[in-house]
Amino acid sequence: GDGPFPGVIDMYGDEGGLIEFRSSLLATHGFAALSLPYFDFEDLPKVMKEFKLEYFEEAARFLQRHPKVKGPGVGVIGTGKGAELALSMITFLPEVVAAVCISGCSSNTVADLHYGEMTLPGLRFDMNKVSVSDAGVFDTFEALDDPTNPANSRCTIPIEKAEGHFLIVVGEDDRMWKSSLYAELAVRRLRQHGKENFELLSYPGAGHRIDPPSTPFCQVAVDRVLGVPVLGGGECKAHAHAQEHSWGKIQEFLHLHLG
């Protein structure tokens, strides 16, 4: 049809490149979806070194102005690093009014994020804290710098500044990193500032990559950056339930806040 449709920017994590299957599914459910790569695609940088939020601002404005997009605001959905970028987008960009954050961190990680004169440093990974099983599977659960350490406070995304709404989705058996803890930190920060503009979906037994239903469950997958098998966590039935339940909730959330 001719629309107009609610507009959503869709981003994935540190695998980079252009990933379109979730955008395609969103489109079949009545959204105008923009799958947004942010490194390792065409003329974009090959690795995550540093980011400028102006790149994501340009994408939000492009989608917002598209003749088939309803507006006035747009939404964003992200997984992993993409979830963390979604938090920054809704915090600093007035065009973004709804953010779905799946298995993300409440602080900026790995690559510094710049916006005008502002910089959010990235939490770093300590490879000395990575354990390797007898089967050669890497466990990165303890490797990220502690966001609760006062020395890392400058990395925290000031999500209390956001005027829009958050849907935070995590698996309680995520072994990639401590997404349940990061979700708790985000909720605590919002509540400390008198905000109730969020919903938290926390799934026991679910792992890191909570994709749409019927997506294959992989407890271990080769990490594109590290080039080694990395533990994502989760148990098959619980993870499948999380994917099915969250997908319905994500659509409800986006329709509610984007029209």
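Residues numbered from 1 in each chain as written. Predicted model: local features only at pLDDT ≥ 70, side-chain atom pairs only at ≥ 80, totals over all residues. Heavy atoms only, no water.

A. Quick look at the sheet that holds strand 3 (residues 50–52). In spatial order, the strands read 3-6-7; together these 3 strands make up an open sheet with mixed pairing. The sheet terminates laterally at strand 3 and strand 7 (118–120), the two strands that pair on one side only. The average angle at which neighbouring strand axes cross in this sheet is 20°, direction not considered. Taken together, the 3 bridges between strand 6 (residues 112–115) and strand 7 define a ladder with antiparallel strand orientation. Bridge pairing links H114 to T119 in strand 7. (Pairing = 2+ DSSP bridges. Helix = DSSP H or I, 4+ residues; strand = E, 2+ residues; numbered from the N terminus. Axes fitted to C-alpha atoms, helices over the stretch in contact; angles between N-to-C directions.)

B. View of helix 3 (residues 81–92). Given a rise of 1.5 Å per residue, 12 residues ought to cover 16 Å, and the 17 Å separating the end C-alpha atoms of helix 3 matches this to within 8%. Taking burial as the measure, the 12 residues of helix 3 include 12 buried ones, the bulk of the element. Considered for burial, the residues of helix 3 that qualify are K81, G82, A83, E84, L85, A86, L87, S88, M89, I90, T91 and F92. (Expected span 1.5 Å × (residues − 1). Buried < 20%, exposed > 50% of the residue type's maximum accessible area, 1.4 Å probe, protein only.)

C. Representation of the layout of surface pockets within the structure. Empty space within the largest pocket amounts to approximately 1100 Å³. Along the walls of the largest pocket sit 42 residues, with D14, E15, M176, D223 and R224 positioned nearest its centre. Listed by contribution, the elements that provide at least two residues to the lining of the largest pocket are strand 12 (220–222) and helix 5 (236–258). At 3 residues, the largest contribution of residues to the lining of the largest pocket is made by strand 12. Among the residues forming the lining of the largest pocket, the class breakdown is 20 nonpolar, 12 polar and 10 charged. For the lining of the second largest pocket, the per-class residue count stands at 5 nonpolar, 5 polar and 2 charged. (1 Å grid on protein atoms, 1.4 Å probe; cavity = no way out; pocket = protein on both sides within 12 Å on 5 of 7 lines; lining within 4 Å. Points joined across faces, edges and corners; volume = space filled by probe spheres on them. Nonpolar A, V, L, I, M, F, W, Y, C, P; charged D, E, K, R; others polar.)

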